[in-house]
Amino acid sequence: MVDVSLRQLELFAALPHFPTLSAAAAHLHISESALSQAITSLENAVGEQLCVRRKARGLTLTPTGQDFARRARQIVTETHELVLGAGREQELQGPVRLGCYSSFATNVVPELLEGFPKRHPGVTIEIMVGTNEELLSALEAGRLDVALVYDVSLPVGYRRRRIYATELEAHLHPEHPLAAHDTVDLAELADEPYILYDATPGIRNVTDAFTARGLEPRIAAKVTQIILVEALVGRGLGYGLLMSRPNALPMSSEGRPIVIRPFDPPVTVSHVVGIWPADMKLTPRASALLDFAVEKLGGHGRADAIGVPGTSEEATGSAPG
């Protein structure tokens, strides 16, 4: 039998996250020499080189090493799950690492952090808020169990579960002429000063929406924070276009009222989804957290525009724009 320990697999599974052996050793709280010896021992057991270690160029995994690290991470994760689940069939225990896209984190994370631990007191939630790129990288590196993101421009290789429906909405100053209407047509806003939320995938949503109608927005300002978009709208400096969010108040951070109106015809309809790598099995804790998210947030959105969010795992593939 091959003499390989779980600790060796755990150490090697972490290597793709670090540019150098010294950086990996520091993070793993192990000496660089001990880490190097663990790698050499694995390479001897495998009978093939798993990584290239050069002081000048850092640490590079070979193709075999990359596959070995991925499979090692699966083994380590499944072993941890085996230990956590032993003798605890009636109650979930352990951590769940949740990532959330920054633009709607304030609208969904508080509800999850307040309610889920009450239902599953043995589970702890670790939260990471970030951009799409940061969350995808963390998922691939095994630092997250699942992430909540928009179902837009996602790469292949991920399973997903719908959480709630979302669509682009107009944010208007209360004295704007269109604020008195129940719905807004995008063409009615094209010549108005527009406060652009300059972040992906939101910027693509807006670009696609205007292009589909043969329109071009008149951008008055570009900002990278939703609260700043709402603050500028609240002062009457322009209108904003933001994806609908649960638990959102029609008010700026300065306490100024904002009028939010849906579009007719609907614009940029999509979903917020929970995603995880297709080659990783979702933990029972992460699955329970997604169940809770659907229960508490799944009713958000216009059913006539988008339909009721599903509750089953969906196939991998790119999301529609």
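Note that the structure is predicted; figures quoted are calculated from it, not measured.

Time to look at helix α8 (residues 226-234). Owing to its 3.6 residues per turn, the α-helix aligns residues three or four sequence positions apart on the same side. For α8, the buried fraction is high: seven of the nine residues fall into the buried class. Burial in α8 covers these residues: I226, V229, E230, A231, L232, V233 and G234. Looking one or two places after α8, you find G236, whose phi comes out positive at around 80°.

Applying the stated criterion to the full structure yields two cavities of 30 Å³ or more. Size it by volume and the largest cavity reaches roughly 120 Å³. Lining the largest cavity are 13 residues, with R97, L144, D145, M280 and K281 positioned closest to its centre. For the lining of the largest cavity, the elements supplying multiple residues, two or more each, are α4 (63-85) and β11 (269-277).

What the largest pocket holds in volume is close to 540 Å³. Taken together, 22 residues line the largest pocket, and the ones lying closest to its centre are E10, V76, H80, R97 and G142. Residue assignment for the lining of the largest pocket shows that the elements contributing at least two residues are α1 (6-14), α2 (21-28), α4 and β3 (94-101). With six residues, α4 is the largest single contributor of residues to the lining of the largest pocket.

Packing of α2 against helix α3 (residues 32-46) brings their axes to within 9 Å, and their N-to-C directions diverge by 105°. Overall, the two elements α2 and α3 adopt an arrangement that is roughly perpendicular. Judged by residue contacts, L21, S22, A24, A25 and L28 of α2 engage E32, L35, S36 and I39 from α3. Here the contact of α2 with α3 is composed, by residue class, of six nonpolar, two polar and one charged.

Definitions and cut-offs
- Residues numbered from 1 in each chain as written.
- Predicted model: local features only at pLDDT ≥ 70, side-chain atom pairs only at ≥ 80, totals over all residues.
- Heavy atoms only, no water.
- Buried < 20%, exposed > 50% of the residue type's maximum accessible area, 1.4 Å probe, protein only.
- Helix = DSSP H or I, 4+ residues; strand = E, 2+ residues; numbered from the N terminus.
- 1 Å grid on protein atoms, 1.4 Å probe; cavity = no way out; pocket = protein on both sides within 12 Å on 5 of 7 lines; lining within 4 Å.
- Points joined across faces, edges and corners; volume = space filled by probe spheres on them.
- Axes fitted to C-alpha atoms, helices over the stretch in contact; angles between N-to-C directions.
- Parallel < 35°, antiparallel > 145°, perpendicular 65-115°, else oblique.
- Contact = heavy atoms within 4.5 Å.
- Nonpolar A, V, L, I, M, F, W, Y, C, P; charged D, E, K, R; others polar.

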